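Structure at a glance
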Amino acid sequence: MTFDEMKQQIATGLGFIAALDQSGGSTPKALRGYGVDDNEWSGDEAMFAKIHEMRSRIITTPSFGSGKVIGAILFERTMDGEVDGKPTPDALKARGVVPFIKVDQGLADEADGVQLMKPLDKLPALLEKSVAKGMFGTKMRSVIKSANATGIAAIVEQQFAVGNQIADAGLVPMLEPEYDITAADRAEGEQILLAEIMKGLDALPEGRQVMLKLSIPVEAGLYAPAVAHPNVLRVVALSGGYSTDDACAHLAKNPGMIASFSRGLLQDLRKGQSDEEFDGTLGKAIDQICTASVA
């Protein structure tokens, strides 16, 4: 897949983006959910080997290559690894899946109702490596906890500033100012968030496109102006802790947004399933999430 082919698929593909980017802090929980006990590994290297086994199994399962998964977000170690004897990005592209790389280095302490990204001191080297490996885009997460206009403005400003740095390196940035779905004032805060996002989009250089990864809004269709903005390649939704059923039900009410789920995709997969059971379980989730994405 050429860069232009990948861009066309992400812009118009009838499917969704899989989030396979659990990093160090979230990996043990992901492994437990998959049925790998903590006593089955010791140390980071063994832990990451176990999660790579899980991701390799997902990527090589027939249903994953059905055409309904149009992209996948990877953790750096997954990008650096191999699947079926090929570098992971090449293995994905061989299955028709566009590869993205998670680039943030975690969250700063909460201030003004938000958690900004920690300084991205490793970003230039990671971008250079990602371009060399044929990646298409990036993803970076920060979190909004309350409807604090100062904090929300700061989080969006940081996302766009780093996004421009990523675009300058030749990759398409996916901006992810996640809104905590448990926040009591989320409806109010999402209005503030949308206004700040639209300012950022309007300020982008002519011809530059970004992607947005957002919590499914309280008000159905809220992000339609962002979906329609010429500087937006695609708007994707995170599951944010919702179950697959709930996430899909909410997503289907938001035309133009497609899924980029992690928990919603992987929640029923288990290490002990036979290959047939594993493929059937994954395929069912893929079908459900794809249907909600194209509703």
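These notes cover the structure that comes with them. (Residues numbered from 1 in each chain as written. Predicted model: local features only at pLDDT ≥ 70, side-chain atom pairs only at ≥ 80, totals over all residues. Heavy atoms only, no water.)

Observations regarding the pairing of strand 10 (residues 232–238)
Along strand 10, seven of the seven residues are buried, which leaves the element largely enclosed by surrounding structure. Where strand 9 (residues 210–215) and strand 10 come together, six bridges link them in parallel fashion. Bridging from a neighbouring strand, Lys213 pairs with Val236 of strand 10. In this structure, strand 10 lies alongside strand 11 (residues 257–259), joined through three bridges in parallel fashion. Pairing of Val235 across the sheet is with Met257, part of strand 11. (Buried < 20%, exposed > 50% of the residue type's maximum accessible area, 1.4 Å probe, protein only. Helix = DSSP H or I, 4+ residues; strand = E, 2+ residues; numbered from the N terminus. Pairing = 2+ DSSP bridges.)

Focus on the environment of Cys248
With respect to the element layout, Cys248 can be found in helix 10 (residues 244–251). The class for Cys248 is buried, based on a relative accessible area of 6%. Along the sequence, Cys248 and Ile289 sit 41 residues apart, while their C-alpha atoms lie 6.1 Å from each other. Ignoring anything within four residues of it in the chain, the contact list for Cys248 reads Phe261, Gln288, Ile289 and Ala292. (Contact = heavy atoms within 4.5 Å.)

Regarding the nonpolar core
Within the largest apolar cluster, 79 residues are counted, with the highest numbers of intra-cluster contacts made by Ile58, Phe64, Leu201 and Leu265. Here this core takes seven residues from helix 12 (residues 275–293), the largest share from any one element. Within the second largest apolar cluster, 14 residues are counted, among which are Ile10, Ile73, Met211 and Val236. (Core = buried A, V, L, I, M, F, W, Y, C linked by side-chain atoms within 4.5 Å.)

Quick look at unusual backbone geometry
Of note in this structure, Asp84 is not a glycine but carries a positive phi near 55°. Within the secondary structure, Asp84 is located in the loop between strand 3 (82–83) and strand 4 (86–87). Its relative accessible area of 69% is what places Asp84 among the exposed residues. Not every positive phi belongs to a glycine, and Asp112 is a case in point at roughly 55°. For Asp112, a relative accessible area of 45% gives the class partly exposed.

Some remarks on helix 6 (residues 123–132)
Among the residues making up helix 6, those that are buried are Leu123, Leu126, Leu127 and Ser130. Projected down its long axis, helix 6 shows its buried positions confined to an angular sector of 100°, all on one face. Facing away from the buried surface of helix 6 by more than 90 degrees, the exposed residues are Ala125, Glu128 and Ala132. Contacts made by the buried residues of helix 6 are with helix 4 (76–80), strand 5 (98–102), strand 7 (137–144) and helix 7 (149–168). (Arc of directions from axis to C-beta.)

Let's talk about the packing of helix 6 against helix 7
The N-to-C vectors of helix 6 and helix 7 enclose an angle of 40°; their axes lie 10 Å apart at closest approach. Here helix 6 is positioned oblique relative to helix 7, judged by the angle of their axes. Note on packing geometry: the crossing formed by helix 6 with helix 7 is right-handed. Along its contact with helix 6, which presents Leu123, Pro124 and Leu127, the element helix 7 presents Val162, Gln165 and Ile166. The residue makeup of the contact of helix 6 with helix 7, split by class, is five nonpolar, one polar and no charged. (Axes fitted to C-alpha atoms, helices over the stretch in contact; angles between N-to-C directions. Parallel < 35°, antiparallel > 145°, perpendicular 65-115°, else oblique. Left-handed = near helix turned anticlockwise from the far one by under 90°. Nonpolar A, V, L, I, M, F, W, Y, C, P; charged D, E, K, R; others polar.)

Digging into the pattern of salt bridges
Counting across every chain of the model gives 16 salt bridges. The closest approach of N and O atoms between Arg57 and Asp275, which form a salt bridge, is 3.3 Å. Separated by 218 residues along the polypeptide, Arg57 in helix 3 (residues 44–60) and Asp275 in helix 12 bring together distant segments of the chain. The class for Arg57 is buried, based on a relative accessible area of 17%. Overlapping salt bridges, with partners in common, bring together Glu76, Asp80, Lys129 and Lys133 in one network. (Salt bridge = Lys/Arg side-chain N within 4 Å of Asp/Glu carboxyl O.)

Structural notes on the packing of aromatic side chains
A full pass over the atoms with the stated rule returns four aromatic pairs. Ring centres of Phe100 and Phe136 lie 5.6 Å apart, and the angle between their planes is 85°; this geometry places the pair in the edge-to-face category. With Phe100 in strand 5 and Phe136 in the loop between helix 6 and strand 7, the pair connects residues that are 36 residues apart, well separated along the chain. For Phe136, a relative accessible area of 0% puts it in the buried group. Here the aromatic cluster, defined as three or more aromatic residues joined through ring pairs, consists of Phe3, Phe100 and Phe136. Arg57 extends its terminal NZ or CZ atom over the ring of Phe278, reaching a point 4.0 Å from the ring centre. (Phe/Tyr/Trp six-rings, centres within 6.5 Å; stacked < 30°, edge-to-face > 60°. Lys NZ or Arg CZ within 6 Å of the ring centre and 35° of its normal.)

Some details on the side chain of Thr61
Secondary-structure assignment places Thr61 in the loop between helix 3 and strand 2 (69–74). Each residue touching Thr61, except ones within four places of it in the same chain, is listed here: Arg95, Phe278, Asp279 and Leu282.

Examining the side chain of His229
Relative to the assigned elements, His229 resides in the loop between helix 9 (224–228) and strand 10. Assessed through its relative accessible area of 10%, His229 is described here as buried. In terms of polar contacts, His229 uses its side chain to reach the side chain of Asp202, at 2.8 Å. Apart from the residues within four sequence positions on either side, His229 is in contact with Met198, Leu201 and Asp202. (Polar contact = N/O pair within 3.5 Å; in protein donor to acceptor, adjacent residues only side chain to side chain.)

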